[in-house]
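What the coordinates show
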Amino acid sequence: MAHTILFSEMTPSPECEDQFHAWYDTEHIPIRMAAPGFIGAKRYQEIGSNKYLAVYEMESPEALQSEAYKKIKSEPSERTRWMLANVSGFTRYTATLIGEQVNQAVTGNPYDAPVLYPVMFSVPEEREEEFNRWYEEDHVPTLLKNERWLACRRYKIFSGEPDHWTHLALHYLADAEVLDCEERQVARRSPWRAKLAKEEWFKGHYMLFRHMKSFTSSR
């Protein structure tokens, strides 16, 4: 199980999109897969746009402090420098796992799901305990009653930019259409959710991506 993730988005300019994919698949991710502590990575494309997401899986936050990773960051290739200068919409969030729930009807690996539905919240410290209990005891169990809602992994964000999100949920879906399912409507009508929704901070950031490619450590 990956205990730490790096969640990073980029949007290449249309004229260099092919170069962007070649760079990401043959240099940017593979060099990280050779670094200590990196387990794997998955690439996604936002549905309806040319924004791309990579989710790196690591054993622990210490993977980002290794000498090998520091060298990767401090000594980029000319190709990397050029590419990073020609992308926009950059985000970078690092987070540790705080919860995992899997649909019992799933066969195979739910984390190879075709669709990823990330949700971010900025939760005040004094409301964190109840927010986590609502998500784990009420919200996700209701969603998982639909066999196409495959799994949910929840993370506490410990660093990130450009926004100050504190919690990230990665929902793994069989298809995008399951977002219109009755179970989700029931979850959104929950009295517990309605109580939290009255609070000013309860404003989620919702995204939707299709899975493109998976990578594993080369060590």
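Bear in mind that the values here come from a model prediction, so they are computed numbers and not experimental data. Once a new chain begins, its residue numbering starts again from 1 and follows that chain's sequence as written. Residues qualify for local features only when their pLDDT is at least 70, as the model is predicted, and side-chain atom pairs are given and counted only at 80 or more; totals for whole chains, interfaces and linings, by contrast, use all residues. Side-chain metrics in this entry use all non-hydrogen atoms of the structure; hydrogen atoms and water are not considered.

**Topic: the pairing of strand 6 (residues 149-161)**
So the rule is basically this: When DSSP finds two or more bridges between two strands, those strands count as paired. Runs of E in the DSSP output that reach at least two residues are strands. Runs of H or I that reach at least four are helices, and both are numbered from the N terminus.
Pairing analysis gives 10 bridges linking strand 4 (residues 87-102) to strand 6, with the strands arranged antiparallel. Among the inter-strand pairings, E100 is bridged to a residue of strand 6, identified as R153. One ladder, built from 7 bridges, connects strand 6 with strand 7 (residues 167-173); its direction is antiparallel. In the sheet register, K156 faces strand 7, and the bridge partner there is H167. Hairpin connection between strand 6 and strand 7: a loop of 5 residues separates the two successive antiparallel strands.

**Describing the nonpolar core**
As a reminder of what qualifies: Side-chain atoms within 4.5 Å link the members of a nonpolar core, which is a set of buried Ala, Val, Leu, Ile, Met, Phe, Trp, Tyr and Cys residues. Per-residue accessibility, obtained with a 1.4 Å probe over protein chains only, is compared with the maximum for each type, and a residue is labelled buried under 20%, exposed over 50%, and partly exposed between these values. Note on contacts: a residue pair is in contact if any heavy atoms of the two residues lie within 4.5 Å.
Formed by 23 residues in total, the largest nonpolar core has its most connected members in Y117, F121, F131, Y135, W149, L173 and F202. Those elements that place two or more of their residues in this core are strand 5 (115-121), helix 4 (128-143), strand 6 and strand 7. The leading source of residues in this core is helix 4, at 5 residues. For F121, the residues in contact, after removing those within four places along its chain, are F131, Y135, W165, T166, H167, F202, K203, G204 and Y206.

**Details of the side chain of N132**
Its location among the elements puts N132 in helix 4. Beyond its immediate sequence surroundings of up to four residues, N132 is in contact with I98, R154 and H167.

**Structural notes on the pattern of salt bridges**
For clarity, the cut-off: Salt bridges are identified by distance alone: a Lys or Arg side-chain nitrogen within 4 Å of an Asp or Glu carboxyl oxygen.
Evaluated as defined, the whole model comprises 16 salt bridges. Of the charged contacts, one joins E136 and R154 as a salt bridge, the two residues approaching to 3.1 Å between their closest N and O atoms. With a gap of 18 residues between them, E136 in helix 4 and R154 in strand 6 connect regions that are remote in the sequence. By relative accessible area, E136 is classed as partly exposed at 31%. One salt-bridge network, held together by shared partners, links R127, E130, K195 and E199.

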